[in-house]
Amino acid sequence: QVQLVESGGGLAQPGGSLRLSCAASGITFTFYAMAWYRQAPGKQRELVAAITSGGSTDYADSVKGRFTISRDNGKNTVYLQMNSLKPEDTAVYYCNAKLQQFGAVRANYWGQGTQVTVSS
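Here's a quick rundown of the structure. For clarity, every value in this text was computed on a predicted model and none was experimentally measured.

Procedures and definitions
- Residues numbered from 1 in each chain as written.
- Predicted model: local features only at pLDDT ≥ 70, side-chain atom pairs only at ≥ 80, totals over all residues.
- Heavy atoms only, no water.
- Helix = DSSP H or I, 4+ residues; strand = E, 2+ residues; numbered from the N terminus.
- Rg over C-alpha atoms; globule rule 2.2 N^0.38 Å.
- Buried < 20%, exposed > 50% of the residue type's maximum accessible area, 1.4 Å probe, protein only.
- Contact = heavy atoms within 4.5 Å.
- Lys, Arg positive; Asp, Glu negative; His and termini not counted.
- Charge placed at Lys NZ, Arg CZ, Asp CG, Glu CD.
- Phe/Tyr/Trp six-rings, centres within 6.5 Å; stacked < 30°, edge-to-face > 60°.
- Lys NZ or Arg CZ within 6 Å of the ring centre and 35° of its normal.
- Pairing = 2+ DSSP bridges.

A word on the overall build of the protein
Part 1: Each helix and strand in the protein was counted, giving zero helices and 11 strands.
Part 2: Along the protein, helices and strands appear, N-terminal first, in the series β-β-β-β-β-β-β-β-β-β-β.
Part 3: Here the C-alpha radius of gyration of the protein, 14 Å, is about what a compact globule of 120 residues would show, namely 14 Å.
Part 4: Its C-alpha atoms put the protein at 45 × 25 × 25 Å along the principal axes.
Part 5: Split into buried and exposed, the 120 residues of the protein put 38% on the buried side.
Part 6: Taking the intrachain contacts of the protein between residues at least 6 apart in sequence as the baseline, contacts between residues at least 24 apart amount to 54%.
Part 7: Side-chain charges of the protein comprise 11 positive and 7 negative groups, with the mean position of each set lying 4 Å from the other.

Considerations on unusual backbone geometry
Part 1: You will see that asparagine 76, though not glycine, has its phi angle at about 50°, which is positive.
Part 2: For asparagine 76, the position within the fold is in the loop between β7 (67-72) and β8 (77-82).
Part 3: For asparagine 76, a relative accessible area of 26% puts it in the partly exposed group.
Part 4: Of note in the backbone geometry, serine 84 takes a positive phi value of approximately 50° without being a glycine.
Part 5: Along the chain, serine 84 turns up in the loop between β8 and β9 (91-101).

Digging into the packing of aromatic side chains
Aromatic ring pairs are reported here in terms of the distance separating the ring centres and the angle at which the planes meet.
Part 1: As enumerated under the stated definition, the model contains two aromatic pairs in all.
Part 2: Each ring, one from tyrosine 32 and one from tyrosine 109, has its centre 6.4 Å from the other, and the planes form 40°; the classification is tilted. Here tyrosine 32, found in the loop between β3 (18-25) and β4 (33-39), pairs with tyrosine 109, found in strand β10 (residues 104-110); they are 77 residues apart in sequence, far enough to count as distant.
Part 3: Sitting over the face of the ring of tyrosine 94, arginine 45 holds its NZ or CZ atom 3.8 Å from the ring centroid.
Part 4: When the ring centre of tryptophan 110 is taken as origin, the NZ or CZ atom of arginine 45, which lies over that ring, is 4.9 Å away.

Looking at the pairing of strand β1 (residues 3-7)
Part 1: Every second residue of β1 is oriented toward a common face, the buried set being Leu4 and Glu6 and the non-buried set Gln3, Val5 and Ser7.
Part 2: Where β1 meets β3, five bridges bridge the pair, whose relative direction is antiparallel. Opposite serine 7, over in β3, you have serine 21 as the bridge partner.

Here's the deal with the pairing of β7
Part 1: Burial along β7 is one-sided: the residues Phe67, Ile69 and Arg71 are buried and none of Thr68, Ser70 and Asp72 is.
Part 2: Relative to β8, β7 runs antiparallel, the two being bridged by six bridges. Bridge pairing in β8 links arginine 71 to valine 78.

Geometry only, nothing functional implied.
And the structure:
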């Protein structure tokens, strides 16, 4: 079975840092684009950061310069390093894995989510 398991969420102070991890199993990890999404109360789920199988990255404007996405193919794990945290970063963060071939999405998986709270 396919599993995406997030960890590393919790409580941080404004200006602090957290590192989220997403460990994948049941997929050929190197074939998949990986991404982090987040959803705050009363808001739609939004893309935070993405990384392709080739290592290209993309970030939401709101986190650019503060967050870094990376992947370790040997560990089947994707990370989100979050620095200079702000209260508006508070949300549930979700890991996503997507396989796209010949212009079609062949597989799309989600983790269970991990809570990040930024508060003084």
